[in-house]
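Observations on the three-dimensional arrangement
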Amino acid sequence: MVIFSVILTGLFGLLLLGGGVYLVLLGGSVYYLLAGASLLVTALLLLRRNAHALTVYAATLFGTLAWALWEVGFDWWQLGPRGGLLVLLGLWLLTPFVRSHLDRGLISPALGSPPALALAAVCIVSAGVAGWSMLSDPHDLAGCLPEKSSQVAVNQSDVPDGEWRQYGRTPLGQRYSPLTQITVDNVDKLKEAWRFETGDLKQPEDVGETTYQVTPLKIGDTLYLCTPHNWAIAIDAATGKEKWRYDPKVGFNPSRQHQTCRGVTYYRDTAAAAGAPCSERVYLPTSDARLIALDARTGAVCTTFADQGELHLEVGMKHTPKGYYYSTSPPVIAARKIIIGGAVNDNYSTEEQSGVIRAFDVDTGALVWNWDSGNPSETAPLPPGQTYTTNSPNSWSVFSVDEALGLVYVPLGNQVPDQLGMGRSASVEKYSSSIVALDVETGRDRWVRQTVHHDLWDMDVPAQPALLDLTRPDGTTVPALVGPTKQGDIYVLDRRTGEPILPVKEVPAPGGAIAEDFSAPTQPVSALSFSPPPLRERDMWGVTMFDQLACRIQFHELNYEGRYTPPSLNGTLVYPGNFGVFNWGSVAVDPERQVMFGMPTYLAFTSRLVPRADIPAPGEGEKGSEQGLNRNDGAPYGVVMGPFLGPLGIPCQAPPWGYVAGADLSTGKIAYKHRNGTVYDMTALPLPFKLGVPGIGGPMITKGGVAFLAAAVDNYLRAYDLTTGRELWQARLPAGGQATPMTYALDDGRQMVVIVAGGHGSIGTKAGDYVIAYALP
């Protein structure tokens, strides 16, 4: 056993010494070098059967404990990887199998020798520190949101309380329901009421990011939803029984980056006779760039709309490569116009479709106006023979509408290629990665608020803005817009003008772009921000000290000077990464209490520019993805992108990676942040450790004071107390719940909560095809 101990200790020492020397040469911590040398001395003494091996090891372990506490304090999830293996090895060295053979058996197996006592004492202290650190969470922010409702009249449009008529329930995008049957006192009694399976499952021919992200609509007694392959399905809201379905036959295309559908759009023609065919419609966006009008009662195609019921969204595009352009989000309807954007594949080519926003007559499909961020002044319908601007910034997310102001609010993305800013026009520089207010009647922009200047990091504005009226400290009321961003800033703006309600300031940003490009000298930051502090070497993580060491080395090898470090040929650390602190799930707002609830997520990514000559030819069967090599055909560089992971495939940065959080929108104060989610479905063993895990999806709030959220990479739907953020209830899902829940009431007043659980290809959650409803017994 002594020889085994010598080999194990020596191997540990060699790994730490070799990696530690390299880390020091990179400018990193000297600890690993010293620890490796100390372990090699320990191994040599063990080989000589010298009991002072235990003395040296005790000193090593004590030094490790002191260093770990200096770096991270009493943070269990960071202390464990630093010292866990060393404590276990120390306990092994204290066993009679090892001790009895030291100094030729003269050391008592009863731990009576000073070397053994010293090592035992350090192990006990280490265990005590571990136990104490488990009792606290230095990352937790406890607090309460205000419970008092404002005196502001709550504008919920004309949507009945028991219905959910648009993606965010109303055109305002609040993800808030005025239903009160489910409360913080009884939500723990929720039970599954029914379960429906759509039958649309991920196939071998599908691209990696084939995902269920849909939020169903509820109108009358029916739920309407779409599936990843764009099937439209109507379900009885009380029983979960299917009423009809429609399959647009979108087929498979390996060039698509996304195979998903976030929702459909409902429309009732008030001028049509009640019950007439297509007097109520469901509009279905598809992944082959069509918009299809369906009869809401039967699922039949409404052939009077556009071209026999289908609007072809690639009309007017100069370049039309198949699979590069499609609409993943439901359009909005205002003033008898259906307004729609489209997703353009990231970083495929310099010759892709335009990001034009278009308004069509909701009844006929005739083009009313078009707003192209590459040519923003020309909004009259595009004449025949002309084309929209190639690769102009697009909007792939959901719009919001204030019909009283006559404005539609558009979250805009970046011009692709995302990481290359050479040759962008003045219009592109103005509108990329911004929130734009467009006139519903004319399509002209009324104002623009840019959230990233000269975006080189794929920091699209990803989320539907939420609209509410805010009471200011002086008692005045301001019509506000709440805009979450990938970088974690929450912009709270006057939605009439785009001017900040909560202050926005410009801060210096890193330089160092490639010679052909430049970076903006400053970047905007909102007073309400969930953006994380810059990463440091001590924030690197791993299951063990060895993969943590590897992550520290990677950290120093990459270019990183904080948020907005420009892309590079060497490789750049991007934090927050383009996965986003917030993404398409947005946040939920309570318009009465004037607060928000969200799920900030923290994952670092890396990007590395690749010269054109070094990009290999496409492999056979290669499928579209936002991760890995993005070719940027026509540009001088491609880019390799992906999450910042260690050798074991887990994030290199320390947890928490995901929280639930609440903020007061009137003051901009963050009231609470709590770890959210477990590693139950992230590891080979079903471990319920609450590290705070990543997620993608959105929350929903009810007037009963409950917030609902799935989204995390463990398969649960959870309910939280909106006031404190504390978890009140959870339900195990049969697949990943990367969607936004919704709620509605039946005719008898019973409140239902519905979540779609079908998994998310990019983050690897379990695939499925489930629609599940919950209610009180």
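These numbers were taken from a predicted model, which means no experiment stands behind them. (Residues numbered from 1 in each chain as written. Predicted model: local features only at pLDDT ≥ 70, side-chain atom pairs only at ≥ 80, totals over all residues. Heavy atoms only, no water.)

1. Points about the state of the cysteines
Counting across every chain of the model gives three disulfides. Note that C226 is cross-linked by a disulfide to C261, the S-S spacing being 2.1 Å. Taking the torsion about the S-S bond as the criterion, the C226 to C261 disulfide, at about -95°, is left-handed. Linking C226 in strand β4 (residues 222-226) with C261 in the loop between β6 (242-246) and β7 (265-268), this pair joins segments that are 35 residues apart in sequence. Of the two residues, C226 and C261, neither departs from the other in class, the shared state being buried. The disulfide partner of C278 is C302, and the S-S distance across this bridge is 2.0 Å. (Disulfide = S-S within 2.5 Å. Helix = DSSP H or I, 4+ residues; strand = E, 2+ residues; numbered from the N terminus. Buried < 20%, exposed > 50% of the residue type's maximum accessible area, 1.4 Å probe, protein only.)

2. Some details on the side chain of T64
When you line up the elements, T64 lands in helix α3 (residues 52-72). Judged by relative accessible area, T64 falls into the buried class, the value being 2%. Not counting chain neighbours up to four residues away, the residues in contact with T64 comprise Y31, R82, G83 and L86. (Contact = heavy atoms within 4.5 Å.)

3. A word on the nonpolar core
For soluble globular proteins, nonpolar side chains are generally found buried alongside one another. Grouped together as the largest cluster of nonpolar side chains are 57 residues, with contacts concentrated most on W194, F708, W729 and Y744. In this view, Y744 contacts G162, L179, W194, K218, L223, A237, R750, Q751, M752 and V754; residues no more than four positions away in its chain are not counted. Within the second largest apolar cluster, 39 residues are counted, among which are L16, Y31, A35 and M545. (Core = buried A, V, L, I, M, F, W, Y, C linked by side-chain atoms within 4.5 Å.)

4. Thoughts on the side chain of T260
Tracing the sequence through the fold places T260 in the loop between β6 and β7. Classification of T260 as buried rests on a relative accessible area of 2%. Within polar-contact distance, the side chain of T260 engages the backbone oxygen of T211 at 2.9 Å. Not counting residues within four places of it along the chain, the set of residues in contact with T260 comprises T211, Q213, P228, N230 and T328. (Polar contact = N/O pair within 3.5 Å; in protein donor to acceptor, adjacent residues only side chain to side chain.)

5. Things to note about the pairing of strand β16 (residues 367-371)
Bridging between strand β15 (residues 357-361) and β16 involves four bridges; their strand directions are antiparallel. If you follow F360 over to β16, its bridge partner there is L367. (Pairing = 2+ DSSP bridges.)

6. A closer look at the pattern of salt bridges
The tally for this structure, following the rule as stated, stands at 31 salt bridges. D137 is paired through a salt bridge with R675; the nearest N and O atoms lie 2.8 Å apart. Separated by 538 residues along the polypeptide, D137 in the loop between α6 (114-134) and β1 (176-177) and R675 in strand β34 (residues 669-675) bring together distant segments of the chain. Note that K243 is salt-bridged to D221, the shortest N-O span being 2.9 Å. With a gap of 22 residues between them, K243 in strand β6 and D221 in the loop between β3 (217-219) and β4 connect regions that are remote in the sequence. Using a relative accessible area of 39% as the deciding quantity, one classes K243 as partly exposed. The network of salt bridges with shared partners includes E71, R82, E537 and R552. (Salt bridge = Lys/Arg side-chain N within 4 Å of Asp/Glu carboxyl O.)

7. Notes on α6
Along an α-helix, a turn takes 3.6 residues, which lines up residues three or four apart on a common side. Along its 21 residues, α6 runs 30 Å from first to last C-alpha, staying within 8% of the 30 Å computed at 1.5 Å per residue. For α6, the full list of buried residues reads P115, A116, L119, A120, V122, C123, S126, V129, A130 and S133. Considering only its buried residues, α6 is in contact with α3, α4 (76-93) and α5 (96-99). (Expected span 1.5 Å × (residues − 1).)

8. Quick notes on the environment of F12
Along the polypeptide, F12 turns up in helix α1 (residues 2-25). In the structure, F12 is positioned 73 residues away from L85 in sequence and 9.7 Å away in space, judged by C-alpha atoms.

9. Focus on the packing of helix α2 (residues 31-47) against α3
Viewed as axis vectors pointing N to C, α2 and α3 meet at an angle of 165°, and their least axial separation amounts to 8 Å. Classified by the interaxial angle, the pair formed by α2 and α3 is roughly antiparallel. The interaxial crossing formed by α2 with α3 has left-handed handedness. Between α2 and α3, the residues in contact are Y31, Y32, S38, L39, V41, T42, L45 and L46 and H52, A53, V56, Y57, T60, T64 and W67, respectively. Its residues placed into classes, the contact of α2 with α3 shows ten nonpolar, five polar and no charged. (Axes fitted to C-alpha atoms, helices over the stretch in contact; angles between N-to-C directions. Parallel < 35°, antiparallel > 145°, perpendicular 65-115°, else oblique. Left-handed = near helix turned anticlockwise from the far one by under 90°. Nonpolar A, V, L, I, M, F, W, Y, C, P; charged D, E, K, R; others polar.)

10. Some words on a nonpolar patch on the surface
Residues I3, I7, L44 and L47 make up a contiguous nonpolar surface patch of about 370 Å² in total accessible area. Where the nonpolar patch is concerned, the elements lending two or more residues are α1 and α2. Position of I3 relative to the elements: it lies in helix α1. (Patch = residues over 30% accessible without salt bridge, like charges linked within 9 Å, V, L, I, M, F, W, Y side chains within 5 Å. Areas by Shrake-Rupley, 256 points an atom, 1.4 Å probe, with all protein chains shown as cover.)

11. Quick look at the environment of H101
Summarising the element assignment, H101 is placed in the loop between α5 and α6. Taking the C-alpha atoms as reference, H101 lies 8.9 Å from A51; in sequence the two are 50 residues apart.

12. Some words on the sheet that holds strand β20 (residues 445-450)
Judged by pairing direction, the sheet is antiparallel, and its four strands sit side by side in the order β17-β18-β19-β20 without closing on themselves. Every other strand in the sheet has two partners, leaving β17 (400-402) and β20 as the edge strands with one partner each. Between one strand axis and the next, the sheet turns by 20° as a mean value, whatever way the strands run. Where strand β18 (residues 407-411) meets strand β19 (residues 434-439), five bridges bridge the pair, whose relative direction is antiparallel. Residue L407 lies in a different strand from β19, and its bridge partner there is D439.

13. Some remarks on the environment of I292
Here I292 lies in strand β9 (residues 290-295). For the pair formed by I292 and E310, sequence separation is 18 residues and the distance between their alpha carbons is 4.6 Å.

14. Concerning the pairing of strand β22 (residues 477-484)
With respect to burial, β22 is a largely interior element, seven of its eight residues being buried. By the bridge criterion, six bridges tie strand β21 (residues 466-471) to β22 in an arrangement that is antiparallel. Across the sheet, D469 pairs through a bridge with P479, a residue of β22. Here β21 folds back onto β22 in antiparallel fashion, the turn holding five residues, of which G475 has a positive phi close to 90°. In this sheet, strand β23 (residues 489-494) lies alongside β22 in antiparallel orientation, the contact comprising five bridges. Counterpart to P484 in the pairing with β23 is I490. In sequence, β22 turns back onto β23 through a hairpin of four residues, with G488 there showing a positive phi of about 100°.

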